[in-house]
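# A look at the structure
In case you want the letters, here they are:
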Amino acid sequence: MAERPYIVGNWKMNGTRAMLSEARAIDRAAQRYMKAEVAVAPPYTLIHAVHREAEQIGVGAQDCFPGDDGAHTGDISATMIADAGAKFVILGHSERRADHRETADQINAKIQSALDAGLRIILCCGETLPTREKGEAEKFVLDQLRASLPQIEDAAERLTVAYEPVWAIGTGKTATPADIEAMHRAIRRLLDETYGEEHSAQVRILYGGSVKPENAREILSLPEVGGALVGGASLSAESFLGIVVAASETEEA
Ligand SMILES: O=C(CO)COP(=O)(O)O
């Protein structure tokens with residue numbers, strides 16, 4: 001893989017200012033593991049504070065509003081998160097698709113707003129357990145991506161895809177290495193078709209779903225796994241750094 005492995009912590013709806021000490025610890029330690037690119041996506045309320053702590057790690061948001069600044073009480077635009085110090089935004093996470101009934105059209109509008117604000121995007125996809133059990137996981141994931149991949153060639157350089165099987169999120173279950181590899185290869189073929197091989201090669205495909213220090217090495221050494229999107233294990237510097245260390249050693253191997 002051309003680029004360094006990308007290890008991103010998605011804090012979800014967790015974190016008060018007490019978490020800033022974890023962010024600082026992650027940032028200081030990440031300077032020793034430069035073979036991995038490390039980032040965190042705190043809740044909106046902490047983006048600016050984490051950005052001020054961060055010398056090494058990237059800071060991003062977990063969502064943005066699908067449009068420009070204006071009269072939308074309680075919403076946060078891509079311009080605002082960029083101004084707070086975010087360099088990327090996670091879009092299409094299965095928890096937002098489920099909790100807020102986000103549609104492909106809304107996700108596409110968010111992608112456009114994020115690109116306009118100069119942000120990078122982590123676009124999430126993933127099937128539920130019934131879909132996998134019916135043998136339709138690959139078709140479902142590729143359809144989800146086809147509906148939302150930005151159709152402009154130079155979007156590829158600002159795009160990361162995260163494959164997160166819904167049934168593996170927060171459950172302690174992970175997909176088998178063979179299933180992860182097969183899905184990531186299928187996603188790569190779709191990216192090749194969409195952007196051409198040269199541009200597609202710039203897009204890393206992360207795996208997410210119960211990634212921990214104990215399983216990170218095996219997952220990160222699979223072909224086409226360009227990093228991990230980490231939920232629960234990103235909430236403590238110790239466990240998150242365990243994954244960063246595994247990524248940086250995988251890169252050396
Ligand atoms: O949803 C995830 C990251 O976006 C994965 O969450 P867990 O690592 O807690 O399973």
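Residues numbered from 1 in each chain as written. Predicted model: local features only at pLDDT ≥ 70, side-chain atom pairs only at ≥ 80, totals over all residues. Heavy atoms only, no water.

Under an unreviewed UniProt entry, the protein chain has the name Triosephosphate isomerase and belongs to Qipengyuania vulgaris. Its UniProt record gives the protein chain a comment under Subcellular location (unreviewed entry), which states: "Cytoplasm". We quote the UniProt Subunit (unreviewed entry) comment for the protein chain here in full: "Homodimer." (UniProt positions renumbered as here; feature names shortened; annotations may be inferred.)

## Considering the overall build of the protein chain
A count of helical and extended segments in the protein chain gives 11 helices and eight strands. Each principal axis of the C-alpha distribution contributes one length, and for the protein chain these read about 45 × 45 × 35 Å. Each of the 253 residues in the protein chain was classed as buried or not, and the buried ones make up 51%. Counted over contacts in the protein chain with a minimum sequence separation of 6, partners at least 24 positions apart contribute 74%. (Helix = DSSP H or I, 4+ residues; strand = E, 2+ residues; numbered from the N terminus. Buried < 20%, exposed > 50% of the residue type's maximum accessible area, 1.4 Å probe, protein only. Contact = heavy atoms within 4.5 Å.)

## Quick notes on the environment of Glu-214
For Glu-214, the position within the fold is in helix H10 (residues 213-220). On the accessibility criterion, Glu-214 (64% relative accessible area) is exposed. As for Glu-214 and Gly-242, which are separated by 28 residues in sequence, their C-alpha atoms are 8.3 Å apart.

## Things to note about the site of the ligand
If you check the shell around the ligand, you find 13 residues, and the closest are Lys-12, Glu-164, Gly-170, Ser-210 and Gly-232. Within the contact set of the ligand, an oxygen atom lies 2.9 Å away from a side-chain nitrogen or oxygen of Glu-164. At 2.9 Å, a backbone N or O of Gly-231 approaches an oxygen atom of the ligand. Protein chains shield 95% of the accessible area of the ligand, which is 300 Å² for the free molecule. Cavity membership is defined here by more than half of the atoms lying within 2 Å of grid points; on that basis the ligand lies in the second largest pocket. In the shell around the ligand, the residues fall into four nonpolar, seven polar and two charged. (Near = heavy atom within 4 Å. Polar contact = N/O pair within 3.5 Å; in protein donor to acceptor, adjacent residues only side chain to side chain. Areas by Shrake-Rupley, 256 points an atom, 1.4 Å probe, with all protein chains shown as cover. 1 Å grid on protein atoms, 1.4 Å probe; cavity = no way out; pocket = protein on both sides within 12 Å on 5 of 7 lines; lining within 4 Å. Sits in = over half its atoms within 2 Å of the grid points. Nonpolar A, V, L, I, M, F, W, Y, C, P; charged D, E, K, R; others polar.)

## Re the UniProt feature "active site" (unreviewed entry) in the protein chain
The UniProt entry lists His-93 and Glu-164 under the feature "active site" (unreviewed entry), expressed in the numbering used here. Over a stretch of 72 residues, the named residues converge on one spot in the fold, their C-alpha atoms separated by at most 8.4 Å. Lining the largest cavity, out of the annotated residues just given, are His-93 and Glu-164. Ignoring sequence-local partners within four residues, the contact set of His-93 consists of Asn-10, Lys-12, Cys-124, Glu-164 and Ile-169.

## With respect to the pattern of salt bridges
As a working rule, side chains carrying opposite charge can pair if their charged atoms are close by. The full count for this structure, using the stated rule, is 18 salt bridges. Of the charged contacts, one joins Arg-185 and Glu-181 as a salt bridge, the two residues approaching to 2.9 Å between their closest N and O atoms. Here Arg-185 and its partner Glu-181 are both found in helix H8 (residues 177-195), four residues apart, which amounts to about one turn of the helix. With relative accessibility at 38%, the residue Arg-185 sits in the partly exposed group. In this structure, the salt-bridge partner of Arg-188 is Glu-224, at a minimum N-O distance of 2.9 Å. Note that Arg-188 is positioned in helix H8 and Glu-224 in the loop between H10 and strand S8 (227-230), a separation of 36 residues in sequence. Residues participating in the shared-partner salt-bridge network are Glu-3, Glu-37, Arg-120 and Arg-204. (Salt bridge = Lys/Arg side-chain N within 4 Å of Asp/Glu carboxyl O.)

## Side note on the UniProt feature "binding site: substrate" (unreviewed entry) in the protein chain
Annotation from UniProt places "binding site: substrate" (unreviewed entry) at Asn-10, Trp-11, Lys-12, Gly-170, Ser-210, Gly-231 and Gly-232. A maximum C-alpha distance of 13.8 Å is found for the annotated residues, which run over 223 residues; spatially they form one tight group. Of the annotated positions mentioned, Asn-10 and Lys-12 line the largest pocket. Within the element layout of this structure, Gly-170 appears in the loop between strand S6 (159-163) and H8. With respect to the helices and strands, the residue Gly-232 is situated in the loop between S8 and helix H11 (237-252). For Gly-232, a relative accessible area of 62% translates into the label exposed.

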